[in-house]
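Spelled out, the chains give:
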Amino acid sequence: MTARNLWRILLAALGISVVVVTAFILGRPPTADDPNASSPDATATPHASVGAPAGGGEAWWVVTPDPADGSPVVHVGTLGGAETATIALAGRGAPAAARPQPLIPRVVGTTGGLVVTLAGDGSDSVLSAVVASTGEERELHRSPDLIIDAGIGGDSLFFLTADGHSGEPLALWRIPLPDGGVPEPVPGVLDEGAGAAIRLAAVADWITELLVSDDGAVVGVHRCVRLRCELRAANLDTAESWQIELEFGTGPVAIFDGFAVLQPACVDVDCRVELLDLATGERIPAPTAHQGPVFDVAVVAAPRPAIVTTADGPLLAPGRGPIAVEVLDIASLEIRSIVVDLGSLVLPTRWGSQAGLELPPATILIIGSPPAVGDQVPDDAYYVLDIGDGSVLRVPELGTFSVNG
């Protein structure tokens, strides 16, 4: 059992949303011939906001399991259009102890009409991009080294290579988007002289993950071997670098200029999201207007960094709504509440999400259902939430899902 799996099991026992979200099994996105695509539930949704997708060709993706072996199959298309590609993601055959799932194979993200994936091809790791409007697949980079994680920032794709047996990070690279190119080494994060804790030698349970700021200016590597963890980060514009020890179970969920957002392991009420000052190592609980733990969190980068939480954790069962959501402006630490006209609401996490799309500023993707009416049991589906006014828009291209078990 890997350390990450142990962490997930512990969190599952405490009701953390990252595991709740992964309990869902997605259905294939509806097609034009699918009667569910035009069902009353698919259209009877709250009003669309100004910032919601307009169906103008934004890329979307959905992962479903292959019926034969359960391996991930990625469906790609555009909002307002049809599915354009179906791609099976294969692993590269590395030893199971050397790659913490679900890091690879997986979808890295979307940008500029592309859906970027990380998978394998024989003994190589492969970064690819699917042009959502046409379904064309482009190979961005192929490496004989194990690419353990990747992230999109600005106009670059960053990726982290690691030793396939010990899990030791080898190098951090970036290539330009949308076409790829010769990898350029990223300085300041894995450089010699910055300390050796991140390179603990062991074939053991471990976690290695990459974090990239939305603009690509700040990158970080979170590394754990057994119960020893640290976060290394660097600002590529200023050449500042940081190395901070973290206790096992506390995971960074986002990184920005000067700080990171941490989600600690939860014990009873000790579940508050924290802000980590990279320069000083100081950690403060994220302010909240309500009492009690914060189990569920999403992070918005633009137009200003913000943390989005639900006051009562993931609300799974169909309810009558509405639901109160908090938005914390990270720079000012000001909190405001918005009301969302849904009967259930879950914030997908970095590792829990099985679908995604290109989003305009000040919006996030959520899982929810319309308010229940009488004995009605509405379908759970994907919505875009505008954190400015709380309005939501159903995204039928991403389909529906049901709880497994």
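Treat the numbers as computed from the prediction; the structure is a model and nothing was measured.

Q: Report on the sheet that holds strand E10 (residues 156–162), specifying residues and quantitative values.
A: Across the sheet, four strands lie side by side as E9-E10-E11-E12; this open sheet has antiparallel pairing. Taken across any chain shown, the strands that pair with only one partner, and hence form the sheet edges, are strand E9 (146–153) and strand E12 (184–185). Of the strand pairs in this sheet, strand E11 (residues 169–176) and E12 are connected by two bridges, and their pairing is antiparallel. Note that in E12 the partner of Trp-173 across the bridge is Pro-185.

Q: Explain the side chain of Asn-235 to me, and be specific about the residues and the numbers.
A: Here Asn-235 is to be found in strand E15 (residues 228–235). On the basis of relative accessible area, Asn-235 is assigned to the buried category, the value being 4%. Once residues lying within four places of it in the same chain are set aside, the contact partners of Asn-235 are Ala-217, Val-218, Glu-240, Trp-242 and Asp-257.

Q: Explain the environment of Phe-256 to me, using residue names and the numbers behind them.
A: Its location among the elements puts Phe-256 in the loop between strand E17 (251–255) and strand E18 (259–263). Once the C-alpha coordinates of Phe-256 and Ala-217 are considered, the two residues, 39 residues apart in sequence, prove to be 8.1 Å apart. Setting aside anything within four residues of it in sequence, one finds Phe-256 in contact with Ser-213, Val-218, Val-261, Leu-278, Val-299, Val-300, Ala-301, Pro-305 and Ile-330.

Q: Give a description of the environment of Pro-287 that names residues and reports values.
A: Structurally, the position occupied by Pro-287 is in the loop between strand E20 (283–285) and strand E21 (297–300). Considering only alpha carbons, one finds Pro-287 and Leu-328, 41 residues apart in sequence, at a separation of 7.5 Å. Pro-287 has contacts with Arg-272, Leu-328, Leu-333 and Ile-335, leaving out every residue within four places of it along the chain.

The rules behind the values
Residues numbered from 1 in each chain as written. Predicted model: local features only at pLDDT ≥ 70, side-chain atom pairs only at ≥ 80, totals over all residues. Heavy atoms only, no water. Pairing = 2+ DSSP bridges. Helix = DSSP H or I, 4+ residues; strand = E, 2+ residues; numbered from the N terminus. Buried < 20%, exposed > 50% of the residue type's maximum accessible area, 1.4 Å probe, protein only. Contact = heavy atoms within 4.5 Å.

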